[in-house]
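# Survey of secondary and tertiary structure
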Amino acid sequence: MLKFLYAKDLYLALKKGTEELAKNKDEINALNVFPVPDGDTGNNMLAGMLEACKSMDEVEDKNDMKSLMESLRRGLLLGARGNSGVILSQIFRGITEILEKKKRINTQDFIKALQNAKDRAYNAVMKPVEGTMLTLIRRLSEKMEESMSEEKDFLVFFDAIVKYSFEIVEETPKYLKKLRESNVVDAGAKGLAYILKGMNDALHGDTEVELEALESATPEQITEIAYEELTYQYCTEAIVKFHKHPIQKKALEEIRSFLESMGDSIVLVNQEDILKTHVHTNHPGLVFEKFLEHGELIKTKIDNMKSQHEHIIEKQKEGKIADIEQTKVAINNNLNNKNWGVIAVSPGKGILEIFKSLGVDQVIFGGQTTNPSVKDISEAINKVPQKKVIILPNNPNIILAAEKAAELTDKEILILPTKHVQEGISAMLGFDDNMDKELLKESMMGYVKSIVPIEVTYAVRDSTIKGEKIKKGEYLIFLGKELKAHGKNVYKETEKVLEELIKKGYEIITIIYGEGAKKEKIDQLVKNLTQKYANIEIEIHNGGQRHYPLLISVE
């Protein structure tokens, strides 16, 4: 019989729970509502639990309940990624707030902890959705109160926790139509059930844990940056005010053609009489001279990428910069922004360059499958010199982590709820460093609302979405949240969707292509549309993003 749990018991149990989650991470990732290759719930939950374990490892006295629970709570919050990671951190926040007051705990204390966990988790979400991890913690706290309130043996008590948890997981499709249609259970709920199972295994004596290998391969290290030989030395940016307004299409094409002959990583963003430009070149002076033929230079910026590159390599050799730091944040402190710092999340190198050209100070690598943690966002906030900071999450699964990061700073934070990369790019067109918070929010969100985001991905399994049968390998075209089309010929289907929007009056199309996209097919798509509709403008950028061959905005 095990009547009481002490701090060290919980420490070992939580480590075992983390190991059990790690063993089943891929299964959790695969439990995705949509059959697209962006299932990351397992990664997100594991990242938080690993950070919590590291935090607990640093506590000298493993018998100090208060210190151990505080380190668990803080570590899990800082490591939290995505909605699932943040909600998990709030569940354990509720548990630790009750347990930290005790030197030893009994089953009644744990029932109270589950009830507080339920309250904390539901309060963390603006619109709680049943059939998720929230349902599991709510139903579990109710069941334990109803059926196990007299049980004093933790071994019997935790056996019941695990049994009930997996039963509730199987019930999640009853609450959520999307789960029923996809024939899956909720990923977050099952992940939590695995953590509880691991904790139970430890209480029954299986306390051997191997987390070292996992800790050296966390989701933060998924992406590696290869520092290749640089073809072009200077990152060259400019804002040009044209003499003639509006800017003629012919002039834009002339500038684009010139820049293509001068370098790569080209970005052109036209808004009324202003043109924002970015190019990697060996002759920035010639680039500026070309711009002066069309207008006046408002702002210019040149970075010597070769010297930056050599500095980083040298630091690497000295062991002063860890690889992980290079993958997480691209620093671009924009001295022109005196009042507001801007942080954006980007899933690809090319998209990162677009954000930098638009004046974003720091770009955090992330998106589907690689959500940045609360800690990542918090560190980015601290790195920008400005006291006021705008955050562009560019993914619905990152907004909650951004909100939690905002709670950890004294800086004034404005989180714009951008759910797509295209919205983040559009928002920057409405950025004005001299505006106050409310006007700036109104301006930037006005641009967000002016576009229609389109995302093209592919199905990783057979499925059904709102009655539409989807076959594995088919391309899926989402207009916002709506599945607009699917099929084997992605370019043909995308062209149909764009043509439908053009007929409704949309005229400006921006195509950001990523891994798996064929540039010649995109060029043909553009040719077909521009020959048919003379009044439209189409820009193409290499975004470098994974899983989504095409990201498109239409306005």
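Just so it is clear, the model here is predicted, and its values are computed rather than measured.

## Some remarks on the overall build of the chain
Along the chain, the regular secondary structure elements total 22 helices and 19 strands. Of the contacts made within the chain by residues no fewer than 6 positions apart, 72% connect residues no fewer than 24 positions apart. Counting only carbon and sulfur atoms, one obtains 48% of the accessible surface of the chain, whose full area is about 25000 Å².

## Looking at the side chain of Asn-116
Relative to the elements of secondary structure, Asn-116 occurs in helix H6 (residues 107–124). Its relative accessible area of 18% is what places Asn-116 among the buried residues. Polar side-chain contacts of Asn-116 include one of 2.9 Å to the side chain of Glu-97.

## Quick look at the pairing of strand E11 (residues 412–415)
Inspection of the sheet shows strand E10 (residues 388–392) paired to E11 by four bridges, in the parallel sense. Each bridged residue has a counterpart across the sheet, and for Ile-391 the counterpart in E11 is Ile-415. One crossover worth recording links E10 to the parallel E11 by way of helix H18 (residues 399–406), and it is right-handed.

## A word on the pattern of salt bridges
Any two side chains of opposite charge can pair, on the condition that their charged atoms come close. Taken as a whole, this structure holds 27 salt bridges when the rule is applied. A salt bridge links Glu-70 to Lys-66; the nearest nitrogen and oxygen atoms lie 3.3 Å apart. One end of the pair is Glu-70 and the other is Lys-66, both in helix H4 (residues 65–79) and four residues apart, which spans about a single turn. One salt bridge in this structure joins Lys-290 and Glu-293, with 3.4 Å as the shortest N-O distance. When its relative accessible area of 53% is taken as the criterion, Glu-293 is described as exposed. A cluster of three or more residues bridged by salt bridges with shared partners is formed by Lys-16, Glu-19, Lys-23 and Asp-206.

## As for the pairing of strand E8 (residues 340–346)
Taken across its seven residues, E8 has seven buried, putting it largely inside the fold. Burial along E8 is two-sided: the residues Trp-340, Val-342, Ala-344 and Ser-346 and Gly-341, Ile-343 and Val-345 are all buried. Bridge count for E8 against E10 is five bridges, and the pairing is parallel. Note on E10: the bridge partner recorded for Gly-341 is Val-389.

## A closer look at the side chain of Glu-19
Relative to the helices and strands, Glu-19 is located in helix H1 (residues 7–23). Polar side-chain contacts of Glu-19 include one of 2.7 Å to the side chain of Lys-16.

## Quick word on the sheet that holds strand E12 (residues 452–458)
Strands sit in the order E16-E15-E12-E19-E17-E18 across an open sheet of six strands; the sheet is mixed. Each edge of the open sheet carries a strand with a single partner, namely strand E16 (482–487) and strand E18 (537–542). Going across the sheet, the axis of each strand differs from the next one's by a mean of 20°, ignoring polarity. Lying over the sheet, helix H22 (residues 519–532) contacts strand E17 (508–513), E18 and strand E19 (550–554), oriented at roughly 170° with respect to E18.

## What to know about a positive patch on the surface
Taken together, the side chains of Lys-127, Lys-178, Lys-419, Lys-466 and Lys-481 define a basic patch exposed on the protein surface. Residue placement: Lys-466 occurs in the loop between strand E13 (463–465) and strand E14 (468–470).

## Quick notes on helix H13 (residues 284–292)
Listed as buried for H13 are Pro-284, Val-287, Phe-288, Lys-290 and Phe-291. Summarising the axial view, the buried residues of H13 lie within an arc of 155°, below the 170-degree limit, and thus occupy one face.

## Points about the nonpolar core
Counting 88 residues, the largest nonpolar core has Phe-92 and Met-144 as its most contacted members. Filtering out sequence-adjacent residues up to four positions away, Phe-92 remains in contact with Leu-14, Met-49, Leu-72, Leu-76, Leu-192 and Ile-195.

## Considerations on helix H19 (residues 421–428)
With eight of eight residues buried, H19 is to be regarded as a mostly interior element. For H19, the complete set of buried residues consists of Val-421, Gln-422, Glu-423, Gly-424, Ile-425, Ser-426, Ala-427 and Met-428.

## Some remarks on unusual backbone geometry
For Asn-394, which is not glycine, the phi dihedral falls at a positive 60°. Relative to the assigned elements, Asn-394 resides in the loop between E10 and H18. Within the chain, His-547 stands out as a residue other than glycine whose phi angle is a positive 70°. Relative to the elements of secondary structure, His-547 occurs in the loop between E18 and E19. Judged by its relative accessible area of 15%, His-547 is buried.

## Regarding the packing of aromatic side chains
Aromatic ring pairs are defined here through the distance separating the ring centres and the angle between the ring planes. A complete count under the given rule lists five aromatic pairs for this structure. Their ring planes at 85° and their centres at 6.3 Å tell us that Phe-110 and Phe-154 sit as a pair that is edge-to-face. Placement of Phe-110 in helix H6 and of Phe-154 in helix H8 (residues 154–175) is noted, with a sequence separation of 44 residues between them. Geometrically, the ring pair formed by Phe-166 and Tyr-194 is edge-to-face, given 5.5 Å between the ring centres and 75° between the ring planes. Remark: Tyr-194 occurs in helix H10 (residues 187–203) and Phe-166 occurs in helix H8; sequence separation between them is 28 residues. The exposure class assigned to Tyr-194 is buried, which follows from its relative accessible area of 10%.

Scoring rules and cut-offs
- Residues numbered from 1 in each chain as written.
- Predicted model: local features only at pLDDT ≥ 70, side-chain atom pairs only at ≥ 80, totals over all residues.
- Heavy atoms only, no water.
- Helix = DSSP H or I, 4+ residues; strand = E, 2+ residues; numbered from the N terminus.
- Contact = heavy atoms within 4.5 Å.
- Areas by Shrake-Rupley, 256 points an atom, 1.4 Å probe, with all protein chains shown as cover.
- Buried < 20%, exposed > 50% of the residue type's maximum accessible area, 1.4 Å probe, protein only.
- Polar contact = N/O pair within 3.5 Å; in protein donor to acceptor, adjacent residues only side chain to side chain.
- Pairing = 2+ DSSP bridges.
- Right-handed = clockwise from strand over helix to strand, strands pointing away.
- Salt bridge = Lys/Arg side-chain N within 4 Å of Asp/Glu carboxyl O.
- Axes fitted to C-alpha atoms, helices over the stretch in contact; angles between N-to-C directions.
- Patch = residues over 30% accessible without salt bridge, like charges linked within 9 Å, V, L, I, M, F, W, Y side chains within 5 Å.
- Lys, Arg positive; Asp, Glu negative; His and termini not counted.
- Charge placed at Lys NZ, Arg CZ, Asp CG, Glu CD.
- Arc of directions from axis to C-beta.
- Core = buried A, V, L, I, M, F, W, Y, C linked by side-chain atoms within 4.5 Å.
- Phe/Tyr/Trp six-rings, centres within 6.5 Å; stacked < 30°, edge-to-face > 60°.

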